[in-house]
Amino acid sequence: MKVFIVFLFCVVYAQAKVTPDYFPACKRSDPQIEKCVLNGLEAVKAHLKDGIPEVNIPALDPFTVPTLKLDRTAPNLRIKATVKHGKAYGGSDFKIEKLKLNLNNKYAAELKITLPKLMVVANYDVKGSRILALDINGKGRLRGNFTGITVVAKGFAKPVAKEGVDYLQVDKLVSKVKIGHAQIEIDESERPLAAQSAVTFFNASPNVILDILNPLIEETAAAVIKAFANKILGSIPISEVLVEDAA
Ligand SMILES: *[C@@H]1O[C@H](CO)[C@@H](O)[C@H](O)[C@H]1NC(C)=O
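What you see is a predicted model, and the numbers here were worked out from it, not measured in a lab.

### Considerations on the site of the ligand
And step 1. Around the ligand, the structure places Lys117, Arg143, Asn145, Gln183, Ile184 and Glu185.
And step 2. Measuring from an oxygen atom of the ligand, one finds a side-chain N or O atom of lysine 117 at 3.2 Å.
And step 3. Alone, the ligand offers 360 Å² of accessible surface; in the complex the protein occludes 53% of this.
And step 4. Listed by contribution, the elements that provide at least two residues to the shell around the ligand are strand E8 (138-162) and strand E9 (165-188).
And step 5. It is E9 that provides the largest number of residues to the shell around the ligand, a total of three residues.
And step 6. Across the shell around the ligand, the residue classes tally to one nonpolar, two polar and three charged.

Structure (structure tokens):
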């Protein structure tokens, strides 16, 4: 009977562990926990390109964004747009530059990454919008190359119990985004001439437009990163990656 119970416990435990073996397990009290988590992230990173089905991590390269709705008014900017079937290539080449953690009675993190290049394709539908004096209304498909990208994401997570198991979920996240250079092309189906002059303007001085769009880019990046992080964190029991000290 005793043996059977031990056996049962082992079976249940073996089934309960969902993360692949290369996932890190760091000690909460480790004075060098940032280093441990960084090493773990590097190990996981190698598998991110194609996704990690065991823990529901979607493929990062290409990274798919089914729908984004943008609606914003700011100086020099009025934009109302729907972006569909977005795909970004190159996301798995990110380099982690810095990680700061604070796990004293909370889960706070700051992550800085750089990305040499992101190639984006997406369908857009833009109405009632302008950037500076540029008419940017229309509908079609956009291709863009963005290079020299730096993203700093800063956020808090909270433990959330699901069927008796604790997972982390990001509560609040803000991001800072810098883009070194950009180049776009479009296939416009409704107003090709207006679109072509907007594209020509953009490509002649991308940083002028990117600066105006920056608050929108940062807000959108934060929403996309938060959704991606929560999808990952929602499949990883905290106890499998952050171990308490043995009593
Ligand atoms: C983006 O880069 C790719 C590969 O270097 C190139 O083929 C493509 O024409 C570029 N697209 C734009 C919009 O510049």
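### Observations regarding the packing of helix H3 (residues 192-204) against helix H4 (residues 206-233)
And step 1. Put simply, H3 and H4 touch, their axes get as near as 5 Å, and they point 100° apart. Taken together, H3 and H4 sit at an angle that is classed as roughly perpendicular. Mapping the contact onto sequence places Phe201, Phe202, Asn203 and Ala204 in H3 and Pro206, Ile209 and Leu210 in H4.

### What about H3?
And step 1. Compared with an ideal rise of 1.5 Å per residue, which puts 13 residues at 18 Å, H3 spans 18 Å between its outermost C-alpha atoms and is within 8% of the ideal.
And step 2. Of all the positions in H3, only Ala195, Ala198, Val199, Phe202 and Asn203 are classed as buried. Down the axis of H3, the buried set is contained in an arc of 130°. They therefore lie on one face. Exposed and oriented more than 90 degrees from the buried face of H3 are Leu193 and Ala204.
And step 3. Against strand E7 (134-135), E9 and H4 lie the buried residues of H3.

### Details of the state of the cysteines
And step 1. Scanning the model with the defined rule gives one disulfide in all.
And step 2. Across the disulfide, cysteine 26 is cross-linked to cysteine 36 (sulfur-sulfur distance 2.1 Å). Because the torsion about its S-S bond is -95°, the bridge between cysteine 26 and cysteine 36 counts as left-handed. Pair noted here: cysteine 26 is in strand E1 (residues 26-27) and cysteine 36 is in helix H2 (residues 33-48), with a separation of ten residues, a long-range link.

### What about the pattern of salt bridges?
And step 1. Evaluated as defined, the whole model comprises twelve salt bridges.
And step 2. Note that glutamate 185 and arginine 143 form a salt bridge whose closest N and O atoms lie 2.7 Å from each other. Separated by 42 residues along the polypeptide, glutamate 185 in strand E9 and arginine 143 in strand E8 bring together distant segments of the chain.
And step 3. Taking the relative accessible area as the measure of exposure, glutamate 185 reaches 45% and is therefore partly exposed.
And step 4. Between lysine 158 and aspartate 171 there is a salt bridge; the shortest N-O distance is 3.6 Å. Here the residue lysine 158 occupies a position in strand E8, and aspartate 171 occupies one in strand E9, the gap between them amounting to 13 residues.

### Notes on the nonpolar core
Among soluble globular proteins, nonpolar side chains are generally buried collectively.
And step 1. Core analysis: the biggest nonpolar cluster contains 47 residues, and Phe23, Leu48, Ile52, Ile57, Phe94, Ile131 and Ile136 have the highest contact counts within it.
And step 2. Secondary-structure elements contributing two or more residues to this core are H2, strand E2 (63-74), strand E3 (77-89), strand E5 (107-126), E8, E9, H3 and H4.
And step 3. By residue number, the principal contributor to this core is H4, which donates eight residues.
And step 4. Non-local contacts of isoleucine 136, meaning those with residues more than four positions away in its chain, are made with Ile79, Val126, Ser129, Arg130, Ile131 and Ala198.

### Quick notes on the pairing of E9
Consecutive residues of a regular strand have side chains that alternate between opposite faces of the sheet.
And step 1. When E8 meets E9, the two strands line up antiparallel, connected through 22 bridges. The partner of proline 159 across the bridge, within E9, is leucine 168.
And step 2. Connecting E8 to the antiparallel partner E9 that follows it, the hairpin turn spans two residues, and glutamate 163 within it adopts a positive phi of roughly 50°.

### Let's talk about H4
And step 1. Taking 1.5 Å as the rise per residue, H4 with 28 residues should run 40 Å; its terminal C-alpha atoms sit only 35 Å apart, a clear shortfall.
And step 2. Of all bends in H4, the biggest is about 60°, found at leucine 213, and the proline proline 215 comes one to four residues later.

### Observations regarding the side chain of threonine 19
And step 1. Along the chain, threonine 19 falls in the loop between helix H1 (2-16) and E1.
And step 2. Among the polar contacts listed, one links the side chain of threonine 19 to the side chain of glutamate 240, at a separation of 2.5 Å.
And step 3. Beyond its immediate sequence surroundings of up to four residues, threonine 19 is in contact with Val55, Ile236 and Glu240.

### Examining the environment of aspartate 211
And step 1. Relative to the helices and strands, aspartate 211 is located in helix H4.
And step 2. Exposure remark for aspartate 211: the relative accessible area of 58% places this residue in the exposed category.
And step 3. Taking the C-alpha atoms as reference points, aspartate 211 and alanine 25, separated by 186 residues in sequence, lie 40 Å from one another.

What counts and what doesn't
Residues numbered from 1 in each chain as written. Predicted model: local features only at pLDDT ≥ 70, side-chain atom pairs only at ≥ 80, totals over all residues. Heavy atoms only, no water. Near = heavy atom within 4 Å. Polar contact = N/O pair within 3.5 Å; in protein donor to acceptor, adjacent residues only side chain to side chain. Areas by Shrake-Rupley, 256 points an atom, 1.4 Å probe, with all protein chains shown as cover. Helix = DSSP H or I, 4+ residues; strand = E, 2+ residues; numbered from the N terminus. Nonpolar A, V, L, I, M, F, W, Y, C, P; charged D, E, K, R; others polar. Axes fitted to C-alpha atoms, helices over the stretch in contact; angles between N-to-C directions. Parallel < 35°, antiparallel > 145°, perpendicular 65-115°, else oblique. Contact = heavy atoms within 4.5 Å. Expected span 1.5 Å × (residues − 1). Buried < 20%, exposed > 50% of the residue type's maximum accessible area, 1.4 Å probe, protein only. Arc of directions from axis to C-beta. Disulfide = S-S within 2.5 Å. Salt bridge = Lys/Arg side-chain N within 4 Å of Asp/Glu carboxyl O. Core = buried A, V, L, I, M, F, W, Y, C linked by side-chain atoms within 4.5 Å. Pairing = 2+ DSSP bridges. Bend = angle between axes of the 7 residues up to and from the residue.

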